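Now for the letters of each chain:
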Amino acid sequence: FPLAIQRALGGPDEVGGAIAGAALLFYASADVVDDAVDHDLASDPWTRWGWEQATNTGLSLLFLSLTYLQDTLGAVRAAPALTVFVHAGHSMAAGQHLDLIGQDLEQATIADYTAFVERKTGASFAAYAEAIALLCGREPAESARCGEVGEALGSMLQMISDNYELWNPTLS
């Protein structure tokens, strides 16, 4: 996804590569932490290491994503993207909070579910698109619109995944 946005905007390949690498680490971080706090960890290696080590691994991946972006592009050039990633991380934590407080899906409204999805996967995809747009030299308003497209795509993908897991629980 990040490379497609970079190419669509005509930005430099190094920007697309840097955001794609950081996005991979950022997403892996969120995935591991989500599985740890939801007690959905795969058996290996987590049965030996435990959810605590999984959480630590997820946090390490988060910081590695930010460090990778800064090391790849330089601190000054990466600064706008780093800010976007940090804001996305905060939104994702808020979405995870909603997940942890136990919103019962049977009682949740469509608006509740949509807000939850937008704050989690939607926020990460929004960050990837907005960060690339900023680093490709787009104005903040246009970059924000790219983020909105990313949020919609990420939310849609999460909803498809949730629907699949709902109807195919043994396959998830």
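Everything quoted here is computed from the prediction, not taken from an experiment.

### A closer look at the overall build of the protein chain
In step 1: Check the secondary structure of the protein chain and you find 6 helices and 0 strands.
In step 2: Taking 172 residues into account, the globule formula puts the C-alpha radius of gyration at 16 Å, and the protein chain, at 17 Å, falls close to it.
In step 3: For the protein chain, the C-alpha atoms occupy an extent of roughly 45 × 35 × 25 Å along the three principal directions.
In step 4: Counting the 172 residues in the protein chain, one finds 35% classified as buried.
In step 5: Of the contacts made within the protein chain by residues no fewer than 6 positions apart, 71% connect residues no fewer than 24 positions apart.

### A closer look at helix α4 (residues 75–100)
In step 1: With 26 residues, α4 extends 35 Å between its outermost C-alpha atoms, agreeing within 8% with the 38 Å of an ideal straight helix rising 1.5 Å per residue.
In step 2: Along α4, the largest kink reaches about 35° and is centred on A81.
In step 3: Those residues of α4 not exposed but buried are A78, A81, L82, V84, F85, A88, M92, G95, Q96 and L98.
In step 4: The elements touched by buried residues of α4 are α2 (13–37), α3 (46–73) and α5 (110–135).

### So, the side chain of S155
In step 1: Mapped onto the elements of the fold, S155 is located in helix α6 (residues 140–167).
In step 2: Look at S155 and you get buried, because its relative accessible area is 7%.
In step 3: If we ignore the near neighbours within four places in the chain, the residues touching S155 are V117, E118 and G122.

### Topic: helix α1 (residues 2–9)
In step 1: Turning to α1, its buried residues number three or more, namely P2, I5, Q6 and L9. The buried residues of α1 occupy an angular sector of 100° when the element is viewed end-on, so they sit on one face. In α1, the exposed residues that point more than 90 degrees away from the buried face are R7 and A8.
In step 2: Buried residues along α1 sit against α2, α5 and α6.
In step 3: Residue G10 follows α1 closely and has a positive phi angle near 70°.

### Some remarks on the side chain of Q96
In step 1: Relative to the assigned elements, Q96 resides in helix α4.
In step 2: For Q96, a relative accessible area of 12% gives the class buried.
In step 3: One polar contact links Q96 to K120, side chain to side chain, over a distance of 3.0 Å.
In step 4: Once residues within four sequence positions are removed from consideration, Q96 is found in contact with D34, V37, D38 and K120.

### Considerations on the nonpolar core
In step 1: Among the nonpolar cores identified, the biggest contains 29 residues, and L9, I19, L69, F85 and Y128 are the most heavily contacted of them.
In step 2: In terms of residues, this core owes the most to one element, α5, which gives 9 residues.
In step 3: The residues contacting L69, other than those within four sequence positions of it, are A18, I19, A22, G74, A78, A81, L82 and F85.
In step 4: Within the second largest apolar cluster, 6 residues are counted, among which are V32, A36, A54 and L61.

About the criteria used
- Residues numbered from 1 in each chain as written.
- Predicted model: local features only at pLDDT ≥ 70, side-chain atom pairs only at ≥ 80, totals over all residues.
- Heavy atoms only, no water.
- Helix = DSSP H or I, 4+ residues; strand = E, 2+ residues; numbered from the N terminus.
- Rg over C-alpha atoms; globule rule 2.2 N^0.38 Å.
- Buried < 20%, exposed > 50% of the residue type's maximum accessible area, 1.4 Å probe, protein only.
- Contact = heavy atoms within 4.5 Å.
- Expected span 1.5 Å × (residues − 1).
- Bend = angle between axes of the 7 residues up to and from the residue.
- Arc of directions from axis to C-beta.
- Polar contact = N/O pair within 3.5 Å; in protein donor to acceptor, adjacent residues only side chain to side chain.
- Core = buried A, V, L, I, M, F, W, Y, C linked by side-chain atoms within 4.5 Å.

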